[in-house]
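# Report on the structure
Each chain, written out:
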Amino acid sequence: MTIEEGPTRHYDGWGGQVGKTVEESTSWWPPTPMPPVEAPNVIVVLLDDMGFSDIGPFGAEVSTPTLDRLAREGLRYTNYHTTPVCSPARGAFLTGLNPHRAGFASVANMDPGFPGYTMEIAENVPTLAVTLRDAGYATFCVGKWHLTRDAVMNDAGARRSWPCQQGFDRYYGVLEGLTNLHHPHRLISDNSPVDVDEYPPGYYLPDDITDHAIAMIKGLRASDAHKPFFCYVAHNAVHGPLQAKPEDIAKYRGRYDAGWDDLREKRFARQKETGLFDDDTQMADRNAEAFLDVASWDELDEDTRAVFARYMEVYAASIESVDENLGRLLDVVENLGELENTIVIFMSDNGGTAEGGEHGTRSYFKQFIHGLRLPADWQSDVARDIDLIGGPRAMVHYPRGWGMASNTPFRLYKGFTHAGGVRVPFLFSWPKGIDEQSRGQVRREYQYVTDLLPTLLELTGVERPKQFRGVEVVALDGVSFAASLNDSDYLSAHHEQYSEFMGNRSFYKDGWKLVTLHRPRSPYDDQEWELYDIRADPTERHNVAHERPGLVRELSAAWERSAWDNKVFPLNDFTGYMGTVRRPFEDRLTEPVRILAGTPTLERYRSSKLVTLRSFRATASLVHGRDDEGVLFAHGDQGGGYMVYVEGRNLRLAYNEYGDLHEVDAGTLDSGRHDVTLDVQGVEDYQWNLTVLVDGEERVRLDGVLMLLGMAPFQGIDVGINRRSPVSWPVFERNGSFPYTGDLDAVTYVPGAYAPYSPEAVLAATIDAAHAYE
């Protein structure tokens, strides 16, 4: 860098014009972005897997006084649509692009290599946070992100898709799609993992992220009294595993004993009473589709009803906690005198879910396994004390009957393009921007998640850039609905919209909806199409496809054109290649790794590549003293994992089989230098045989345990400690995180052969067979 001679000259690296005096220069300092005068603050609250009827303003019995106030002072949108699952909804919201164009055809836990599945926001797409920040807003994000490929969430991963590189000044939360709300597996603060061994008693993630959002806003106002802010609060609640605070659960004890059929009827009655639907609207019939059906509550025995009701008590308690935390946040904004000019949006990323299966589960990660040909005797639940449901020891989810009730009055669930999967509650409050006569009204016009970005830009007075990072930006898919705020006769400008997930497809056009319920491994056939007039039949009861074949052909062709335009192809129902393949870069994640004592927890996906569906060895090298004890290495949590530790001079192995704990004694560990090895061999029927060896000598075996699959072990590898959620709750109760007191050098993981039934092995064999015919 060169500074020209003279006291009034400056180099252009600081924004001055080289060769000109201070007086002559018009850009002495870099320009400071200045938002429009009196630009509103923006708070967007996004819940996870919450159905249409789950809050008070949309028919629920759950206590939601904060949301009730927002509905009274703002608007309820009853025809708001989102995507069938979470990452696509988040990507579409932040970019204003249809989900496949944004790169999120699915959740960010796959990577098949097609344009609609990049699982990253493209370089020429400025997010809402980027645009507002560049216009002078402070930008904050707390909670669930789930817009980063799982392969780059580790400490060596490229951070370009992390929140702070996508326009947020500050971030605090979980990059993954889910976590333990009592013991989060991996919190991120800005660009770094949070270093925590044990959470304090009573810790609860929704409280924690709210505390951080409040601190961010308070810190901003202490430093700048005028700068507007955008605060994106993305709760992990109420995604499984369902968890809530004991005092909140207690409030709902007995409230759901009458069951889901009774709950649907009462919620639907309230929905009609409060103007969400016309009196002649009919609720969808009970879900009866194969593998999605729901039994009558009266058919269940008393013990089953007691367990099922407890699940819903926890779910309701979690929603109430979200409402309470939003109230705390808004109290701070009101105390600052800014609530009048703060836009508040509350919504869900998709509908209520059927992930818990027919019977629910107290072993969430076991239930979460999809796409494998599991043994016939595979059980998706683990018997646990009913009082553990909702607490830190049980990873639970409700049976799908509650998901059906959650989505009242609609059909089906998350993951489907029928209304139950994509119509969710939507509240919009802005005291300064909504006229007195409009407050408390209902808007029934069709809107889609992509419409939020252009709407917020219009209301804040911020223009979307025409170029970003030196490249012309892609055109938006969403359209603003700002005009709807004070116009009860508003007609939507969003006339057409495709949707697709796992082969389930739909196309909306001016009140008509073409939709499929696709069965995995079946042809993508036009015979799947159903047709509904959702203006007269919002609950999709009356399929008129056979009465309007010409309209079916028209909308089917429109869906296909839109699919090509939006990078939807190839269609993927998660039954083959696309659910298995990963980019070649990931091969390095399966190489042996030596983890030094004191290393932070190895990230979840990075750890899984060393053990999933394969044999492996883990060897701890240490110098042990007579009275030394503690954890040598641990991998997993209360949802499933394994741990080798020394306690009371004996070497022990704990294996948490999706909540069913096995512990075996490997005998005394003498003083001196040792190599302690856990040898794990993959055998038939998705099982492992485990052997503990000391200096090559076999000490104890544990054979025939179920492999940890799917998302388990959900917490990554620890060396010399078992941080956060423990593998063994009894050991945790006695010793906490139990750091090893001896001289532990490192633990070396050596991945072995894949099991012959692993997707990787099957894919490799298929490729080899194809090459044989070249």
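Because the structure is a prediction, the values reported are computed rather than measured.

Calculation notes
Residues numbered from 1 in each chain as written. Predicted model: local features only at pLDDT ≥ 70, side-chain atom pairs only at ≥ 80, totals over all residues. Heavy atoms only, no water. Helix = DSSP H or I, 4+ residues; strand = E, 2+ residues; numbered from the N terminus. Buried < 20%, exposed > 50% of the residue type's maximum accessible area, 1.4 Å probe, protein only. Contact = heavy atoms within 4.5 Å. Pairing = 2+ DSSP bridges. Axes fitted to C-alpha atoms, helices over the stretch in contact; angles between N-to-C directions. Salt bridge = Lys/Arg side-chain N within 4 Å of Asp/Glu carboxyl O. pLDDT = per-residue confidence, 0-100. Arc of directions from axis to C-beta. Expected span 1.5 Å × (residues − 1). Parallel < 35°, antiparallel > 145°, perpendicular 65-115°, else oblique. Nonpolar A, V, L, I, M, F, W, Y, C, P; charged D, E, K, R; others polar. Phe/Tyr/Trp six-rings, centres within 6.5 Å; stacked < 30°, edge-to-face > 60°. Lys NZ or Arg CZ within 6 Å of the ring centre and 35° of its normal.

### Quick look at the overall build of the chain
Helices and strands together make up the secondary structure of the chain, namely 16 helices and 29 strands. Across its three principal directions, the C-alpha atoms of the chain cover 85 × 80 × 65 Å. Burial statistics for the chain: of 774 residues in total, 61% are counted as buried. Nonlocal contacts in the chain, meaning residues at least 24 apart in sequence, comprise 72% of its contacts between residues at least 6 apart.

### Here's the deal with the environment of Leu476
For Leu476, the location among the structural elements is in the loop between β14 (471-472) and β15 (496-501). Taking the relative accessible area as the measure of exposure, Leu476 reaches 27% and is therefore partly exposed. Along the chain, Leu476 and Val45 lie 431 residues apart, while their C-alpha atoms are 22 Å from each other. Discounting residues that sit within four places of it in the chain, Leu476 has contacts with Thr95, Gly96, Leu97, Arg101, Leu453, Pro454 and Arg464.

### Considering the sheet that holds strand β25 (residues 672-683)
Ordered by their spatial adjacency, six strands build an open sheet running β19-β29-β20-β25-β26-β27, and the pairing between neighbours is antiparallel. Each edge of the open sheet is held by one strand with a lone partner, namely β19 (593-596) and β27 (697-706). Neighbour-to-neighbour, the strand axes of the sheet open up by a mean angle of 15 degrees, direction not taken into account.

### Section: the sheet that holds strand β6 (residues 188-189)
Ordered in space as β7-β6-β5-β4-β8-β1-β9-β10-β2-β11, the ten strands form an open sheet in which the pairing is mixed. The sheet is open, and its two borders are formed by β7 (192-193) and β11 (442-443), each paired with just one other strand. Judged from the four bridges that link them, strand β9 (residues 342-348) and strand β10 (residues 426-429) form a sheet pairing that is antiparallel. Looking at the pairing, Ile345 lines up with Phe428 of β10.

### Considering the pattern of salt bridges
Enumeration according to the criterion identifies 53 salt bridges in this entry. In this structure, Arg439 engages Glu436 in a salt bridge whose closest nitrogen and oxygen atoms are separated by 3.4 Å. A relative accessible area of 62% places Glu436 in the exposed class.

### Quick notes on the confidence of the model for the chain
One rule of thumb: low pLDDT means the predicted coordinates there are not for detailed reading. A residue-level look at the chain finds 93% of positions with pLDDT of 70 or above and a mean pLDDT of 92. For the stretch residues 1-26, pLDDT sits under 50, and the model shows 35 contacts to residues farther than four places along the chain or on other chains. Scored below 50 in pLDDT, residues 769-774 makes zero contacts in the model with residues more than four places away or belonging to other chains.

### Points about helix α1 (residues 65-73)
Those residues of α1 lying buried are Thr66, Leu67, Leu70 and Ala71. Across the axial projection of α1, the buried residues extend over an arc of 140 degrees, all falling on one side. Contacts made by the buried residues of α1 are with β2 (75-77), α8 (302-335), β9 and β10.

### Concerning α8
Taking 1.5 Å per residue as the helical rise, α8 with its 34 residues ought to reach 50 Å, and the 49 Å between its terminal C-alpha atoms agrees with that figure. Gly337 sits one or two residues past α8 and shows a positive phi near 80 degrees.

### Looking at the packing of helix α5 (residues 205-223) against α8
Packing of α5 against α8 leaves a shortest axis separation of 10 Å and a crossing angle of 10 degrees. Accordingly, the angle class assigned to the pair α5 and α8 is roughly parallel. Contacts between α5 and α8 involve Pro206, Asp207, Thr210, Asp211, Ala213, Ile214, Ile217 and Lys218 on the former and, on the latter, Ser321, Asn325, Arg328, Leu329 and Val332. A breakdown of the residues in the contact of α5 with α8 according to their chemical character gives six nonpolar, three polar and four charged.

### Comments concerning unusual backbone geometry
Glycine aside, residues mostly have negative phi angles, and peptide bonds mostly take the trans form. Going from Phe569 to Pro570, the amide bond is cis rather than trans, its omega being 0 degrees. Here the amide bond leading from Ala712 into Pro713 is cis, since omega sits at -5 degrees, within 30 degrees of zero. On the secondary structure map, Pro713 appears in the loop between β27 and β28 (717-719). Phi at Asp510 takes a positive value of approximately 45 degrees, unusual for a residue other than glycine. By the secondary structure assignment, Asp510 is in the loop between β16 (504-509) and β17 (512-515). Despite not being glycine, Asp685 shows a phi value in the positive range, around 60 degrees. Tracing the chain through its elements places Asp685 in the loop between β25 and β26 (687-694). Classification of Asp685 by relative accessible area gives partly exposed; the value is 40%.

### Considerations on the pairing of strand β29 (residues 743-754)
Along a regular strand, successive side chains alternate from one face of the sheet to the other. The pairing of β19 with β29 spans four bridges and is classified as antiparallel. The residue of β29 that forms the bridge with Leu596 is Ala746. Across nine bridges, the pairing between strand β20 (residues 614-624) and β29 is antiparallel. Bridge pairing links Phe616 to Pro751 in β29.

### Some remarks on the packing of aromatic side chains
Counted by the stated rule, this structure contains 34 aromatic pairs. Each ring, one from Phe268 and one from Phe277, has its centre 6.3 Å from the other, and the planes form 55 degrees; the classification is tilted. The two residues Phe268 and Phe277 agree in class, both being buried. Three or more aromatic residues link up through ring pairs in this structure, and these residues are Tyr252, Tyr256, Trp260, Trp297, Phe308 and Trp402. One residue, Arg159, lies across the ring of Trp162, its end atom 4.4 Å from the ring centre. When the ring centre of Trp529 is taken as origin, the NZ or CZ atom of Arg505, which lies over that ring, is 5.0 Å away.

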